[in-house]
Amino acid sequence: HLSALGGTEVVLTGLHFAATRAGVPQILFDGVPASAVQVIDDDTLLCLAPAGIPGARGALELVNQNGSASLSDAFRYRAWPTLASVSPAHGVESGGTRVTLNGSGFLDDAAGPNAITFDGVPATGLASVSDTSLTCLVPAGVPGLATVELANANGHVELANAFRYDPRIDVSGVSPATGSARGGLRVEIAGSAFAVGADVPQVFFGGAPASEVVRVSDTGRPPSRASWAAR
């Protein structure tokens, strides 16, 4: 099984590789020449396989001054990884959200270590759950959509706009700023990013939850406003 990226060291065994007038052999992987061919002895060769089509199988051919020999269905190029989804598909811009990547080629077929980036920034805390699932911690990023890339020994794959960085909610003022200790006063708060997520935000006064929270604006841009009654 060979990497479709090329460069896999391959050992060929047979006969008469170093026979009289054999010359320097040429090794072909489905017609594509190998590199760094070395004759170790009369029955052993080393070479580096060329790049190929992920998942393809092929024949190997050896040619020297004394003739040629071939071996059908001699090798298979390992398939590239795939990336289908990221769950959850959004998180805070400060990073730290643990997400699950779903796809294939994360573990099997000598995939080796995986590297995950979000808009080019490496994720941390990678854990391969299976060949089709792994988890990681999202790095910090800029609010908006990010491309997720996965790379391992068998190749790399990108999933555009796969994760959304949510802006941090910010509060800039409360009106009115005073009221009865009995609660029940309807107040209005101004700030930004109140539209993050589908749910209405929770509001707390000194740790006590407010009631009847209504989001007035869901633009997510200042001045975004929500209002609620404090009871």
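Because the structure is predicted, anything quoted here is derived from the model rather than measured. (Residues numbered from 1 in each chain as written. Predicted model: local features only at pLDDT ≥ 70, side-chain atom pairs only at ≥ 80, totals over all residues. Heavy atoms only, no water.)

It is not clear to me how unusual backbone geometry should be interpreted in this structure. Could you clarify?
Where the residue is not glycine, phi is negative for most of them; where a peptide bond is considered, it is trans in most cases. The omega angle of the peptide bond from serine 87 to proline 88 is -5°, so this bond is cis rather than trans. Summarising the element assignment, proline 88 is placed in the loop between strand S8 (82-87) and strand S9 (90-92). Backbone torsion omega between serine 175 and proline 176 reads -5°, so that peptide bond is classified as cis. Tracing the sequence through the fold places proline 176 in the loop between strand S17 (170-175) and strand S18 (185-192). Not every positive phi belongs to a glycine, and aspartate 30 is a case in point at roughly 50°. (Helix = DSSP H or I, 4+ residues; strand = E, 2+ residues; numbered from the N terminus.)

It is not clear to me how the pattern of salt bridges should be interpreted in this structure. Could you clarify?
Two side chains carrying opposite charge are able to pair once their charged atoms lie near each other. For the coordinates displayed, the defined rule picks out four salt bridges. Where aspartate 73 meets arginine 57, a salt bridge forms, and the shortest distance between an N and an O atom there is 2.9 Å. Here arginine 57 lies in strand S6 (residues 57-64) and aspartate 73 lies in strand S7 (residues 67-76), a separation of 16 residues in the sequence. Across the pair aspartate 109 and arginine 76 runs a salt bridge, and its minimum N-O distance is 3.2 Å. Of the two residues, aspartate 109 sits in the loop between strand S10 (98-104) and strand S11 (115-118) while arginine 76 sits in strand S7, which places them 33 residues apart along the sequence. (Salt bridge = Lys/Arg side-chain N within 4 Å of Asp/Glu carboxyl O.)

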